[in-house]
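Residue-level structure breakdown
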Amino acid sequence: MKNAIKHISAAALLFVFIIGVPAHVSAQKKTDKGAAAAPSTFGNANSINATELRDWLTFIASDELEGRDTPSKGLDIAARYIASHLANWGIQPGAGEGTYFQRFPLTKTKIDTAATSLQVNGENFNYGKDFYSSLTAANISGASLVFAGNGWVVKSKNIDPYAGLNVKDKIVIVVNSLPKGVTFGDLKGPVGGDWQSPPYYAQQNGAKAVIAFSTFGNMASWDATIYGQSDKGVVSYGSQKPQITIPTLTVSPRVLTNIFLDEKFSAAALFNKTITGDAFESFELKPEKRVSATVATKSETVYTQNVVGILEGSDPVLKKEYVAIGAHYDHVGMNPFFNGPDKIWNGADDDGSGTVGVMSIAKAFAESPTKPKRSILFIWHAGEEKGLWGSEYFTENPTVPMTSIVTQLNVDMIGRYQNPGDENHPQNKELPKQDEIYLIGSRMMSTELGDLSDSVNKSFLNLKFNFRYDDPNDPEQFFYRSDHFNYARRGVPIIFYMDGSHADYHRVTDTVDKINFNSMEKVAKTIYATGWELSNRAVRPKVDKPLPASVIGSN
Ligand SMILES: [Zn+2]
């Protein structure tokens, strides 16, 4: 599952953070129509077992795959691993032209370190040693400087550090923190409305660049940042232009000392105010003080892939329709300069659990003595963590008609359940209990799908379906945070199965040893049974509640 960065994205740029939003319970009433007249077993559901789930996840979440970043060799190896299992089970390639791999292009951009430079008052500073920059090419010659404190404008709090300052054609220097008394939770609505970040304000008002003081955090992760920008590079998908096109340069104390030499306040005095919390005074630096900077970037096209398999249905007519069952097999990778002994985000739960969960469902379908009537499309998406790229690409370039997909079942994080003590743990207390799982979307677009999902569960393992996050307006925004969203926005009814969030979410500690394979097995069986029922019902679930534009337009 990807991070919640819905409202504050490009504008925040180097001001990276995670918004912690309190989760309010919004339990949704579900009326259950009682047990269906279906049998108490569904196809080959009971062949799914914890042993295989553990075996496969031990590989998928291993250090050797280096956190399955998009794109990476680790992700490519995971793709081959999944595809070779599909071939063994007799599931056909589903990406077209006889392949399991739906390849798609990405753009990788790096700082061209040799061509990137900074000059303050005639003294040269080196990229990587004295400063780093956002990946925004620029060539600035002899700009004058203004200091604007924290640099954030927050109208509702009457904060405007730019009053009386003209930043046009200048470089804006800010300390890299929010103004005193302001939290990220206070930044309501989109950037440019009630609030403006320093780079946003600077760009809107004609400034050439932002120079940011290094925080302790910037300094602690200095080498990791340089690695990400100039060695590994930053990968983007599609042709979306960044919102901010002026660079933000994060500079060392050495550069700052030089900049503020003989000014109203020294760099040290200003830095100390970030610790004491004293208010800043904005001011123009001496007119003879000038900064020149060149930020050079270089880009190349690189490729990654979704993994797609198809099991053809047995009914001559219904086999032209598909039940799509998917997970994302990517995670957030590794960083050799990360502080701490562990440098690899294993992503056992996120979404190794969904990856092997869908493998187990695929195997059970393929080896069932009775074949499903509709076809099943199994898909493992790449690039989910970067912004739902794989599902965006597949739904824009589907290998079967989108209108033939009767439902998409998305499995993202089904491996973690409450252990004893977790009910009191601040970050683990929302994990599902044993025999419980969160569902999103089952009744959002199709009443019939919701009824089917509930009745299958009632007559099978009777897990507790928890619907507390099942609302596009839920503060956690889970509905927007995984691949099903790209299917839903194109009219396909979906069900999203997940365990929510926990203390190891997007940390190097999301590892196999913490996975509860017995609970996961039950959830995988339930998803299989739901897919089985969807593939055999005479009529596909009717979409009686299309999503409003306010939901579809969001991302
Ligand atoms: Zn994630």
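Residues numbered from 1 in each chain as written. Predicted model: local features only at pLDDT ≥ 70, side-chain atom pairs only at ≥ 80, totals over all residues. Heavy atoms only, no water.

In an ideal tetrahedron of four donors about a metal, each angle is 109.5 degrees. In an ideal octahedron of six donors, the angles are 90 or 180 degrees. Looking at the zinc ion, the protein donor atoms are M1 (N), M1 (O), D350 (OD), E385 (OE), E385 (OE) and H506 (NE2), and they sit 1.8 to 2.7 Å from it. In this structure, the zinc ion is surrounded by 6 donor atoms whose angles at the metal cover 59 to 160°, and the resulting shape is irregular. Between the donor residues of the zinc ion, the gaps in sequence give the motif M-x348-D-x34-E-x120-H. Taken together, the residues D350 in helix α8 (residues 348-366) and E385 in helix α9 (residues 384-387) connect sequence positions 35 residues apart. Comparing D350 with E385, the two get one shared label, buried. (Donors = N, O, S within 2.8 Å, 3.2 Å for Na, K, Ca; no water. Tetrahedral: all angles 85-135°; square planar, octahedral: opposite > 155°, others 65-115°. Helix = DSSP H or I, 4+ residues; strand = E, 2+ residues; numbered from the N terminus. Buried < 20%, exposed > 50% of the residue type's maximum accessible area, 1.4 Å probe, protein only.)

For the protein chain, per-residue confidence averages 92 on the pLDDT scale, and residues scoring 70 or more make up 93% of the total. Low pLDDT, under 50, characterises residues 6-39; the predicted model gives this stretch 63 contacts beyond four residues in sequence or across chains. (pLDDT = per-residue confidence, 0-100. Contact = heavy atoms within 4.5 Å.)

Think of a sheet as strands paired side by side through backbone hydrogen bonds, with each pair either parallel or antiparallel. Spatially, 6 strands are ordered β5-β13-β11-β9-β7-β14 in an open sheet, and the strand pairing comes out mixed. Edge strands, defined here as strands with exactly one partner in the open sheet, are β5 (131-133) and β14 (283-284). With 4 bridges joining them, strand β11 (residues 209-213) and strand β13 (residues 248-251) adopt parallel strand pairing. The residue bridging V210 from the neighbouring strand is T248, located in β13. Sitting on the sheet, helix α5 (residues 222-232) is in contact with β5 and β13, with an inclination near 40° to β5. (Pairing = 2+ DSSP bridges. Axes fitted to C-alpha atoms, helices over the stretch in contact; angles between N-to-C directions.)

The next point concerns helix α10 (residues 389-396). Most of α10 sits inside the fold, with 6 of its 8 residues counted as buried. Within α10, the full set of buried residues consists of W389, G390, S391, Y393, F394 and T395.

The next subject is the layout of surface pockets. It is a probe the size of a water molecule, rolled over the atoms, that shows where empty space is left. When its volume is computed, the second largest pocket comes out at roughly 300 Å³. As for the second largest pocket, its lining consists of 19 residues, of which N150, P179, K180, A279 and F280 are closest to the centre. For the lining of the second largest pocket, the class distribution of residues is 8 nonpolar, 7 polar and 4 charged. (1 Å grid on protein atoms, 1.4 Å probe; cavity = no way out; pocket = protein on both sides within 12 Å on 5 of 7 lines; lining within 4 Å. Points joined across faces, edges and corners; volume = space filled by probe spheres on them. Nonpolar A, V, L, I, M, F, W, Y, C, P; charged D, E, K, R; others polar.)

Attention now goes to unusual backbone geometry. With an omega of -5°, the peptide bond between T70 and P71 qualifies as cis. Its place among the elements puts P71 in the loop between α1 (50-60) and α2 (73-89). Along the chain, D350 connects to D351 via a cis peptide bond; the corresponding omega equals -20°. Within the secondary structure, D351 is located in helix α8. The phi dihedral of E66 falls on the positive side, at around 50°, and the residue is not glycine. Here E66 lies in the loop between α1 and α2. With a phi close to 60°, D262 is a non-glycine residue in the positive phi region. In this fold, D262 is placed in the loop between α6 (253-259) and α7 (267-276). Here D262 falls in the exposed class, since its relative accessible area comes to 62%.

The relative placement of two packed helices is expressed as an angle between their axes plus a distance between the axes. Viewed as axis vectors pointing N to C, α2 and α8 meet at an angle of 10°, and their least axial separation amounts to 10 Å. By the angle class used here, α2 and α8 are roughly parallel. Contact with α2, carried on its side by Y81, I82, H85, L86 and W89, involves T355, M359, A362, K363 and A366 of α8 and no other residues of that element. Partitioning the contact of α2 with α8 into residue classes produces 7 nonpolar, 2 polar and 1 charged. (Parallel < 35°, antiparallel > 145°, perpendicular 65-115°, else oblique.)

To continue, consider the pattern of salt bridges. Inspection of every chain in the model, using the stated rule, returns 29 salt bridges. We note a salt bridge from D186 to K157, for which the minimum N-O separation is 3.5 Å. In this pair, D186 sits in the loop between β9 (171-174) and β10 (195-196) while K157 sits in the loop between β8 (153-154) and β9, placing the two residues 29 residues apart along the sequence. For K157, a relative accessible area of 37% gives the class partly exposed. For E367, the salt bridge is made with K363, and the minimal N-O distance between the two is 4.0 Å. K363 gets classed as buried once you look at its relative accessible area, which sits at 17%. Look at the salt bridges and you will find they share partners, linking E392, E396, R489 and R490 into a network. (Salt bridge = Lys/Arg side-chain N within 4 Å of Asp/Glu carboxyl O.)

With respect to the secondary-structure elements, T407 resides in strand β19 (residues 405-411). Assessed through its relative accessible area of 0%, T407 is described here as buried. Once residues lying within four places of it in the same chain are set aside, the contact partners of T407 are Y322, V323, A324, L449, V492, P493, I494, L534 and P541.

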